[in-house]
Amino acid sequence: SDYSREPPRHLSLQINSKEPFNAEPHRSALVDSYVTPVDSFYKRNHGPIPIVEDVEKYSISIQGLVDYPKQIFMKDILELPKHTVTATLQCAGNRRTAMSKVQKVRGVGWGVSAIGNAVWAGAKLADVLELVGIPILTASTKSGGKHVEFVSIDKCKEENGGPYKASIPLSQASNPDADVLLAYEMNGETLNRDHGYPIRAIVPGVIGARSVKWLDSINVIAEECQGFFMQKDYKMFPPSVNWDNINWATRRPQMDFPVQSAICSLEDVNMVKPGKVTVRGYAASGGGRGIERVDISVDGGKNWVEASRFQKPGIPYISEHPSSDKWAWVHFEASVDISNNTDIIAKAVSNTNL
Ligand code: MTE
Ligand code: MO
């Protein structure tokens, strides 16, 4: 593989693997701002970053079980209505390093920062699918298409040198309210190479692995994608399963990410003076389920106090409120009194009343 033309990256990132490039910011950067700057947004790759020299010649083939297969160019995508979605992207491997302290987990090690919140802009996939004759809210095409597979132009060893790919259900892809985007902007700027230039999928509320970067084709298929990252990775097994007895087919691919929270204003082990301490961090839930509550304990889990939650600075967050960003994380903050040697714990509760 050729790593000689990687893009420049910010020096503040902690590098977990150099080739392919996998890096995350320091946890404190995650609570500096609601929208994570591109420079400090985690980067998760499985091969060299592709190079698209001529964006006018760049196209995505939409094919498979559709009536009107079509090759769409950048200008076709730019002609569709532009939608802006604030969505948190989280790698399924976020916090894997901590998991491995309980039982060894395979894969790149990540701290608590394989997550970020960005303002993505692009065309809705539901609008793009209409161009090939798939009406909105379609669960199955006439020819039996039930899944939408995203195929990249990159090359990764897990696919034996083939492209990275993943799929989502057609019902989600064709649902305008699911806000699935073919994104060309991140935080108001042209998507950069690391994050999928010129076009990537953004699947809000779902593990990052399904938001395929550097799109090459979109296939409407009958069964979910059979690629490595759908069938041989990103699945959850009970502790009794190990690498010798694993039967991958017994589990479904992970899609919506589970509720998650992490303290970002303190390290895992920190020296602080006894007294008032402000605890800050992030909480996020997949599937558009908001964060109902964040609780903090300063005595290892015996007593809990509720933290305040917000997205926009100073405005209290209310889960499910129209003013809240449905697909985005919340920041939490609590002022607590700590004595000597103590465990501070944050626990988020997601809203399942959807
Ligand atoms: N898309 C392609 N083509 N190749 C990849 O390696 N990694 C996936 C996803 N899309 C990947 C990809 C994974 S596992 C994650 S978590 C996100 O991209 C990371 O997106 P980011 O690098 O923009 O943060
Ligand atoms: Mo990931």
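Coordinates for the structure precede this section.
Values in this document were obtained by computation on a predicted structure and should not be read as measured data.

Cut-offs used in this document
- Along each chain, the written sequence defines residue order, and numbers are assigned to residues from 1.
- Both sets of labels track the order of writing: A upward for chains, 1 upward for ligands.
- Only residues with pLDDT of at least 70 get local features here, since the model is predicted, and only at 80 or more are side-chain atom pairs given and counted; chain-wide, interface and lining totals rely on the full set of residues.
- Only hydrogens and water are set aside when side-chain values are computed; all heavy atoms of the structure are taken into account.
- Helix and strand labels come from DSSP, where a helix needs a run of H or I of at least four residues and a strand needs a run of E of at least two; each type is numbered from the N terminus.
- Here the globule rule reads 2.2 Å times residues to the power 0.38, and the radius of gyration is calculated from C-alpha atoms.
- Classification of residues uses two cut-offs on accessible area relative to the type maximum, computed with a 1.4 Å probe and protein chains only: under 20% is buried, over 50% is exposed, and between them is partly exposed.
- By definition, residues are in contact when any of their heavy atoms lie within 4.5 Å.
- The sign given to each residue is positive for Lys and Arg and negative for Asp and Glu; His and the chain ends receive no count.
- Charge positions come from single atoms, namely NZ of Lys, CZ of Arg, CG of Asp or CD of Glu.
- One bridge is not enough; two strands pair if DSSP finds at least two bridges between them.
- Helix axes are fitted only over the stretch in contact, all axes being lines through C-alpha atoms; the angle between N-to-C directions runs from 0 to 180 degrees.
- Nearness here has a simple test: a residue counts as near a molecule or strand if at least one of its heavy atoms is within 4 Å of that partner.
- Definition of a polar contact: a pair of N or O atoms within 3.5 Å, with one able to donate and the other able to accept a hydrogen when the atoms are protein atoms, and with sequence-neighbouring residues admitted only if both atoms are side-chain atoms.
- Residue burial considers only the protein chains on display, and all accessible areas are found by Shrake-Rupley using a 1.4 Å probe.
- Throughout this entry, Asp, Glu, Lys and Arg are counted as charged residues, while Ala, Val, Leu, Ile, Met, Phe, Trp, Tyr, Cys and Pro are counted as nonpolar. The remaining residues, Gly among them, count as polar.

A separate point is the overall build of the protein chain. When helices and strands are tallied, the protein chain shows six helices and 20 strands. On C-alpha atoms alone, the protein chain measures out to a radius of gyration of 21 Å, which is about the 20 Å that the 2.2 N^0.38 rule sets for 354 residues. Counting only C-alpha atoms and orienting by the principal axes, one finds that the protein chain spans roughly 65 × 45 × 40 Å. Expressed as a percentage of the 354 residues in the protein chain, the buried residues total 51%. Contacts spanning at least 24 positions in sequence make up 70% of the contacts within the protein chain whose residues lie at least 6 apart. Each charge class in the protein chain can be summarised by its mean position, and for the 39 positive and 40 negative side chains these summaries are 4 Å apart.

On to the sheet that holds strand β18 (residues 308-310). By way of backbone hydrogen bonds, the strands of a sheet pair with one another, either parallel or antiparallel. The strand order across the open sheet built from four strands is β14-β15-β19-β18, with neighbouring strands paired in antiparallel fashion. Here the strands that pair on one side only, and so sit at the sheet edges, are β14 (260-263) and β18. Pairs of neighbouring strands in the sheet enclose a mean axial angle of 25 degrees, with direction left out of account. Here three bridges tie β18 to strand β19 (residues 330-338), and the two strands are oriented antiparallel to one another. Bridge pairing in β19 places Phe-310 opposite His-331.

Below, the discussion takes up unusual backbone geometry. The amide bond that connects Glu-19 to the next residue, Pro-20, takes the cis arrangement and shows omega of 0 degrees. For Pro-20, the location among the structural elements is in the loop between β1 (14-17) and β2 (22-24). In this structure, Pro-198 follows Tyr-197 across a cis peptide bond, with omega equal to 5 degrees. Topologically, Pro-198 is positioned in the loop between β11 (189-190) and β12 (200-202). Backbone geometry at Leu-137 places phi at a positive 55 degrees, although glycine is not the residue there. Tracing the chain through its elements places Leu-137 in the loop between α4 (125-130) and β8 (147-152). At Tyr-234, a residue that is not glycine, the phi angle is positive and equals roughly 55 degrees. If you trace the backbone, Tyr-234 turns up in the loop between α6 (228-231) and β14.

Quick look at the site of ligand 1 now. Not every one of the 20 residues close to ligand 1 is listed here, only the nearest: His-46, Asp-154, His-195, Arg-200 and Lys-213. With respect to ligand 1, the backbone of Arg-44 contributes an N or O atom lying 3.0 Å from an oxygen atom. In this structure, an oxygen atom belonging to ligand 1 sits 2.7 Å away from a side-chain N or O atom of Arg-200. Burial of ligand 1 by the protein amounts to 100% of the accessible area it has alone, namely 540 Å². Taken together, the residues of the shell around ligand 1 sort by class into nine nonpolar, six polar and five charged.

The subject of this paragraph is the pairing of β8. Among the six residues in β8, six count as buried, and that is most of the element. Residues His-147, Glu-149 and Val-151 point to one face of β8 and Val-148, Phe-150 and Ser-152 to the other, with burial holding for every one of them. Direction of pairing for β8 relative to strand β9 (residues 165-169): antiparallel, over a ladder of five bridges. Its bridge partner lying in β9, Glu-149 is registered against Ser-167.

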